[in-house]
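Chain by chain, the residues:
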Amino acid sequence: MDIKIINFQKHGDANAQLSVAEYKKELPFAVKRIYFLHKVKSSITRGKHCHKKLKQVYIAISGKMKIKLFDGRNNKTILLDNPNKGLYIGSNIWREIYDFSSNGILLVLASDIYKENDYIRSYNEYLKFIRGK
Ligand code: TYD
C-alpha cells in the first residue's frame, strides 16, 4: 500500500515544540493546498472517497482520529495522535476518517488544488476502478 508514516523534524526545547516538514526532505510533493477538519462529532465518518491522482499528508495537529485505508488488496487502520508524525497517502486509496476526539483537528496537505473530477465517491465505483487497474 502506498502509504508512509513521516517523522517531522523536531526543533523543540523544554518550553516549546516546533515540528517541520519540508519539500524533498519529509514531504514527497510540493503542497498546493491545505485544509483541515475540525469540530467533527465523534460519531461521524468523513472521507469515504478515493483520489485518482492527488497525494496527501494527514497530520493530527490536535487530538486524535483514526484513518481506515484500502487499496483494493489490503486494509490498514492508522491511529493519528501525534503532531510530530504525518501519514502520507498516495493515489488510488480509499480512505475513511473516524473516531475524532473532541479536540481532534486533522490538517491535510495536498499535492494539487481542489478538483472534483479527481474524486471517486462511490465505493462500488471504486471497486470497479481498482479492479480494472
Ligand atoms: P470532502 O473532500 O468530501 O470532505 P471529507 O473528505 O472530509 O469528507 O469535501 C467536503 C465538501 O467540501 C465538498 O462539497 C467539497 C468541498 N471542498 C472544497 O470545495 N474544496 C476543498 O479543497 C475540499 C477538501 C473540499
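The preceding data block contains the structure.
Residues numbered from 1 in each chain as written. Predicted model: local features only at pLDDT ≥ 70, side-chain atom pairs only at ≥ 80, totals over all residues. Heavy atoms only, no water.

Chemist: Just give me the short version of the sheet that holds strand β1 (residues 3–7), but keep the residues and values in it.
Modeler: One open sheet holds the 5 strands; their spatial order is β1-β9-β6-β11-β4, and the pairing between them is antiparallel. Either end of the sheet is taken by a strand with one partner, and the two such strands are β1 and β4 (33–37). Mean inter-strand twist for the sheet, computed between neighbouring axes without regard to direction, equals 25°. In this structure, β4 lies alongside strand β11 (residues 105–110), joined through 5 bridges in antiparallel fashion. (Pairing = 2+ DSSP bridges. Helix = DSSP H or I, 4+ residues; strand = E, 2+ residues; numbered from the N terminus. Axes fitted to C-alpha atoms, helices over the stretch in contact; angles between N-to-C directions.)

Chemist: Give a description of the site of the ligand that names residues and reports values.
Modeler: Residues in close proximity to the ligand include R33, Y35, L37, R46, G47, H49, Y114, Y119 and R121, which together make up its full environment. The contact in question runs from an oxygen atom of the ligand to an N or O atom on the side chain of Y119, over 2.7 Å. Between the ligand and R121 there is a distance of 2.7 Å, counted from an oxygen atom to a side-chain nitrogen or oxygen. For the ligand, whose accessible area on its own is 530 Å², the fraction buried by protein is 63%. Contributions of two or more residues to the shell around the ligand are made by β4 and β5 (46–51). Here the shell around the ligand is built from residues that sort into 4 nonpolar, 2 polar and 3 charged. (Near = heavy atom within 4 Å. Polar contact = N/O pair within 3.5 Å; in protein donor to acceptor, adjacent residues only side chain to side chain. Areas by Shrake-Rupley, 256 points an atom, 1.4 Å probe, with all protein chains shown as cover. Nonpolar A, V, L, I, M, F, W, Y, C, P; charged D, E, K, R; others polar.)

Chemist: Residue-level account of the nonpolar core, with values.
Modeler: Formed by 17 residues in total, the largest nonpolar core has its most connected members in Y58, I67, L80, L87 and L106. Taken together, the elements giving at least two residues each to this core come down to β6 (56–62), β7 (65–70), β8 (75–80), β9 (85–89) and β11. Looking at this core element by element, the count peaks at 3 residues for β7. If we skip the residues at most four places from it in the chain, L87 touches I3, K4, I5, Q56, V57, Y58, I67, L69, I78 and L80. (Core = buried A, V, L, I, M, F, W, Y, C linked by side-chain atoms within 4.5 Å. Buried < 20%, exposed > 50% of the residue type's maximum accessible area, 1.4 Å probe, protein only. Contact = heavy atoms within 4.5 Å.)

Chemist: Describe the pairing of β7, naming the residues involved and giving the relevant values.
Modeler: Two elements, β7 and β8, share 6 bridges in a ladder whose sense is antiparallel. The residue bridging L69 from the neighbouring strand is K76, located in β8. Here β7 folds back onto β8 in antiparallel fashion, the turn holding 4 residues, of which G72 has a positive phi close to 100°.

Chemist: Outline helix α1 (residues 123–131), supporting the account with residue identities and numerical values.
Modeler: For α1, every residue scored as buried is listed here: Y126, L127 and I130. Angularly, the buried residues of α1 cover 100° about the axis, an arc narrow enough to put them on a single face. Pointing more than 90 degrees away from the buried face of α1 are the exposed residues N124 and K128. Contact partners of the buried residues in α1: β5, β7, β10 (94–98) and β12 (119–120). (Arc of directions from axis to C-beta.)

Chemist: Lay out the environment of N82 with the relevant residues and their values.
Modeler: Along the chain, the position of N82 falls in the loop between β8 and β9. A sequence separation of 24 residues divides N82 from L106, and the C-alpha atoms of the two residues are 11 Å apart. At 2.8 Å, the side chain of N82 forms a polar contact with the backbone nitrogen of N84.

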